[in-house]
Structures are given as structure tokens and as C-alpha cells.
Amino acid sequence: MNAHRPVHRVAIVGTGTIGASWATHYLVRGFDVTATDPAPTAEEALRSYVAAAWDAAASIGLAPGASPDRLSFTADMREAVGDADFVQENAPERPELKVKLFADIDDATPPDAIIASSSSGITMSAIQAGCRRPERTVIGHPFNPPHIVPLVEVVGGTKTAPETIREAMAFYAAIGKKPIHLKKELPGHVANRIQVALYREVVYLVQQGVLDVADSDDAVSWGPGLRWGVMGPHLLWHLGGGAGGIQHFMETLMPRMVQSWQDLGTPEFTPELGETIVNGVLAEADGHSVDELAARRDAMLSALLAVRAEHDPSGPRGAAAGRPGKDAP
């Protein structure tokens, strides 16, 4: 396959919530971004999103020359990707749509560009089925919102070239993301599976009347969630093992944890349970709109990332790393 070109121009295919957030991140990192979406109001909605999200994204890392004015829009997908160095696709999660769309993007994009999908559940082996150059296609699944949260899950399909995965990992790291390489494909990738497993137990506890919706949120965000914002579970159990670290934890505490797995529940999701959760969330929101709550979330996440940058040398790199044509592959 051809060596991939340095990234100066990014194409965003699909400008819903995830696509608009990706566009904001790439713009803040100093790229020229061309976006495309067939919806009649897509351009207006995209520019409004970028304007509203700009300050929060820029507070994390603003590259020299970055500007929302470097965003262009066209309803013609082939035109949008025609001179792209990197494509980030964000279309709806429908397999037949993804396969056709990727084949069209592959046909219209320069052969040395990488094509990444934000797909949260469909594997790249399925998506790349209709591509003539499937070796340059890869999953680059973000965690919402991409312009704030650094995590990107990178996983190839059966026809993806190893160098595509390496270069995608290097590119995402160079623009301030925290990429992780999934060595096997599986539905939902990794991060979504982890949060689904947690939410299953939370919903079970609410259904069993152990606690209400607001308390269940507090149980996560004011307890383990605070620690997870600093370290992952393995490192935290290493600390939990005391002087003996993870070895002591595995020998003395892990057997009890394994035994407790049998007590975890699977809720029966009924209309009544759904109504309980809806009413509980609305009460917890206390009249604040979704946009207001999202702004509060993003402000706190930005502050947390700033603190992590001071204390965690393994974290995402700063704004200078995202200068197009330098560190980016």
C-alpha cells in the first residue's frame, strides 16, 4: 500500500453530535476541515455547535493558526473527501449504510489517505467489505464529546494493514487524543462495554429499590468515578493491595471479588422501570436544560484534564503536538 500523506486537511463525513464535536477538535488543533452531511440544516447546526464548543475545546489545547474560519461545508460527499488527508466518518449506525458509504469514500478519497470510522458498534471487517482499498480503513471510535474527552479506540478489520493502525495511533496521539489499540474486534469495542456493564448493575439496584436514581448517580460520580478519573481499575487495585501491591490484592482480595460476581444482577427492563428512571433523572436535573448540563459537564472535564496534565506524564500531548505537517503522520 502507499505511504500515508502528512495530514493537513481533514474531512468530516456526517455532522451530527459526534461529527460536529470531531470537527471542533480538528479545527482547534489547527487543521483545515471540510464537512459534509445530506441534512438540509446540517451546515447551520454544525457552525452553531463549533461556535458554542470552541472555548471549551480551546482551553484544552489551541494550536497556532487554529480558527473556526478554516471550516468549509459541502453537501457533496465526493467533493468533501476529494483532497482529504484523513477522513473521520460519523454516519448513523446502520451496517448497510456504512458499507455503501465507505465504498464511496474509498472510491473518492486520495489513495494515500486514511479513512477512519467513529462507529460505536459495527466492526471494521463488516464496514470495509465493499472497499477497493480496505487496507487503509480503520475504526477510530471516540468517547463523547470528542472535543473534550481524549479517548479513541483504534481497531482494524481483517483487511486493515498494520501500518494503517500504527499511523492512526500516531496521528491521534499527535493531536492530543489518548488512543488505545484493540487487538481484537468485538461489538461495542471496549469502553462502551465497560460502561454498559456498570449501568446494568446501577439499573438493577434502582429496580430492586436499593436506592433512587439521584443516589445511584452520586454513588458512581462521588466515589469510584472520582478515582477512575485519575487511574484505571488495575492501578487502583494495585494501591488497594497496600505494601504488597497488586500481588497481595490478587492473593487475598481477588477471590472475594470473584465470589461477589455471582451476586451481581441483571434487571428486567420494564416500562415501569423506564418511567422510574426518566422521572428520577428529570428530578435530578432540577429544571436545567440538556445544554446547560452539558456545559457544566464540559467545564468540569476541562478542569480535570488540566489537573491530569500537571500530574500524569503519560496523558495526551499538548496543542503544539497537533501542528499539521509536523508531528502528525
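For the structure itself, look to the data block above.
Residues numbered from 1 in each chain as written. Predicted model: local features only at pLDDT ≥ 70, side-chain atom pairs only at ≥ 80, totals over all residues. Heavy atoms only, no water.

**As for the nonpolar core**
Move 1: Residues Tyr 26, Val 33, Phe 86 and Tyr 172 are the most contacted members of the largest nonpolar core, which totals 32 residues.
Move 2: Those residues in contact with Phe 86 that sit more than four places away from it in its chain are Val 7, Arg 9, Val 10, Ala 11, Tyr 26, Ala 113, Ile 114, Ala 116, Phe 171 and Tyr 172.
Move 3: Counting residues in hydrophobic clusters, the runner-up holds 19 residues, among them Ala 11, Met 77, Ala 84 and Cys 131. (Core = buried A, V, L, I, M, F, W, Y, C linked by side-chain atoms within 4.5 Å. Buried < 20%, exposed > 50% of the residue type's maximum accessible area, 1.4 Å probe, protein only. Contact = heavy atoms within 4.5 Å.)

**Some words on the packing of aromatic side chains**
Move 1: Taken as a whole and judged by the stated rule, the model has ten aromatic pairs.
Move 2: Each ring, one from Tyr 26 and one from Phe 86, has its centre 6.5 Å from the other, and the planes form 55 degrees; the classification is tilted. With Tyr 26 in helix 1 (residues 17–28) and Phe 86 in strand 4 (residues 86–89), this residue pair connects regions lying 60 residues apart in the sequence. Across the pair, exposure class does not vary: Tyr 26 and Phe 86 are buried alike.
Move 3: Ring centres of Tyr 26 and Phe 171 lie 6.2 Å apart, and the angle between their planes is 15 degrees; on these two criteria the pair is classed as stacked. Separated by 145 residues along the polypeptide, Tyr 26 in helix 1 and Phe 171 in helix 6 (residues 162–174) bring together distant segments of the chain. Taken as a pair, Tyr 26 and Phe 171 share a single burial class, namely buried.
Move 4: These aromatic residues form a ring-pair network of at least three members: Trp 22, Tyr 26, Phe 31, Phe 86, Phe 171 and Tyr 172.
Move 5: Positioned above the aromatic ring of Trp 22 is the side chain of Lys 177, whose terminal nitrogen or guanidinium carbon lies 5.2 Å from the ring centre. (Phe/Tyr/Trp six-rings, centres within 6.5 Å; stacked < 30°, edge-to-face > 60°. Helix = DSSP H or I, 4+ residues; strand = E, 2+ residues; numbered from the N terminus. Lys NZ or Arg CZ within 6 Å of the ring centre and 35° of its normal.)

**Regarding the side chain of Ser 117**
Move 1: Within the fold, Ser 117 resides in strand 5 (residues 114–117).
Move 2: What makes Ser 117 buried here is its relative accessible area of 0%.
Move 3: A polar contact of 2.5 Å, which involves the side chain of Ser 117, links it to the side chain of Glu 89.
Move 4: A distance of 3.1 Å separates a polar side-chain atom of Ser 117 from the backbone nitrogen of Ser 119.
Move 5: Ignoring any residue separated from it by four or fewer positions in sequence, one finds Ser 117 in contact with Gln 88, Glu 89, Lys 98, Phe 102, Met 124, Ile 127, Val 138, Ile 139, Gly 140 and His 141. (Polar contact = N/O pair within 3.5 Å; in protein donor to acceptor, adjacent residues only side chain to side chain.)

**Remarks on helix 7 (residues 191–207)**
Move 1: Over its 17 residues, helix 7 extends 24 Å from the first C-alpha to the last, a length consistent with the 24 Å expected when each residue adds 1.5 Å.
Move 2: Three or more residues of helix 7 are buried, namely Ala 191, Asn 192, Glu 201, Val 202, Val 203 and Val 206.
Move 3: In the segment just after helix 7, Gly 209 is the residue with positive phi, at about 75 degrees. (Expected span 1.5 Å × (residues − 1).)

**Considering helix 11 (residues 245–260)**
An α-helical segment advances 3.6 residues per turn. Residues three or four places apart therefore align on the same side.
Move 1: The terminal C-alpha atoms of helix 11 lie 21 Å apart, and with 16 residues this matches the ideal 22 Å at 1.5 Å per residue to within 8%.
Move 2: Along its length, helix 11 reaches its greatest deviation from straightness, about 50 degrees, at Leu 253, and the proline Pro 255 lies no more than four positions downstream.
Move 3: Along helix 11, the residues classified as buried are Gly 245, Phe 249 and Met 254. (Bend = angle between axes of the 7 residues up to and from the residue.)

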